[in-house]
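Each chain is listed here by its residues.
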Amino acid sequence: MSGQPTTDTNEPVFFHPDLFVVPTDGQAPYLLGYKCEDCGKTWFPKLEICPSCWTKLNQIKLSRTGKLYSYSFIHVGQRGIKSPYAIGYVDFPEEVRIYGQLAIPPESLKLGMDVEVVEGVVRIDKNGVPVMKSYMFKAVE
Ligand SMILES: [Zn+2]
């Protein structure tokens, strides 16, 4: 035993594989929506049938950017997330509103701002080591 800790086996788990895609070819990540074959409404997260008209849904690639509809800044958050942090709802062009963590500093948060989907660490362990990755939203630069 060398006594040297290794991080090779500590890769964060990738969460939400049926909602969020990170292409392995270096293309930008995106979220998956579920669009109704009949009424055309798009849903998120994944559903089997449309709650409006009971018709089959097809998986679609959502736009990479949306507008920040609302947000909240959390000072005393849940375990596994480094406080303080921001959460919010983002409106996408496909007319679907999606909740997520915001990788945006509080002084930059503004209603209606353009945000994009990125991959980020959404949970850490008690030592601050990343344990789970998923989608987050950051300001469009
Ligand atoms: Zn429908």
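Residues numbered from 1 in each chain as written. Predicted model: local features only at pLDDT ≥ 70, side-chain atom pairs only at ≥ 80, totals over all residues.

Another point: the overall build of the protein chain. Of regular secondary structure, the protein chain possesses zero helices and 10 strands. The N-to-C order of helical and strand elements in the protein chain reads β-β-β-β-β-β-β-β-β-β. Oriented by its inertia axes, the alpha-carbon framework of the protein chain measures out at about 60 × 35 × 30 Å. Counting only residues that meet the buried cut, the protein chain has 19% of its 141 residues in that class. (Helix = DSSP H or I, 4+ residues; strand = E, 2+ residues; numbered from the N terminus. Buried ≥ 20, exposed ≤ 12 C-beta atoms within 10 Å, placed from the backbone.)

What follows deals with the confidence of the model for the protein chain. Considering every residue of the protein chain, the mean pLDDT works out to 90; 93% of them sit at 70 or more. Counting interchain partners and residues more than four positions distant, the pLDDT-below-50 stretch residues 1–7 has zero contacts. (pLDDT = per-residue confidence, 0-100. Contact = placed C-beta atoms within 7 Å.)

Now for the pairing of strand β7 (residues 85–92). Burial of β7 is one-sided: the residues A86, G88, V90 and F92 facing one way are buried, the residues Y85, I87, Y89 and D91 facing the other way are not. Direction of pairing for strand β6 (residues 65–74) relative to β7: antiparallel, over a ladder of seven bridges. Residue pairing in the sheet places K67 in a bridge with D91 of β7. Connecting β7 to the next strand, strand β8 (residues 96–102), in antiparallel fashion are three residues, including E95 with a positive phi near 60°. (Pairing = 2+ DSSP bridges.)

A negative phi angle characterises most non-glycine residues, just as the trans form characterises most peptide bonds. Backbone torsion omega between F44 and P45 reads -5°, so that peptide bond is classified as cis. You can see P45 is positioned in the loop between β4 (42–43) and β5 (57–61). Cis geometry is found at the peptide bond from S83 to P84, where omega equals -5°. Its location among the elements puts P84 in the loop between β6 and β7.

On to the environment of R97. Within the element layout of this structure, R97 appears in strand β8. Expressed as a C-alpha distance, the spacing of R97 and Y71, which sit 26 residues apart in the sequence, is 12 Å.

Let us look at the nonpolar core. Core analysis: the largest hydrophobic core is formed by 17 residues, its most contacted members being L31, V90 and F137. Setting aside residues up to four positions removed in sequence, V90 forms contacts with G66, K67, L68, Y69, I98, G100, V115 and F137. (Core = buried A, V, L, I, M, F, W, Y, C linked by C-beta atoms within 7 Å.)

To continue, consider the pairing of strand β3 (residues 30–36). Here strand β2 (residues 20–21) runs beside β3; their pairing, made up of two bridges, is antiparallel. Bridge pairing in β3 places V21 opposite Y30. Remark: five residues form the turn of the hairpin made by β3 and β4, two consecutive strands paired antiparallel; G40 in that turn has positive phi of roughly 85°.

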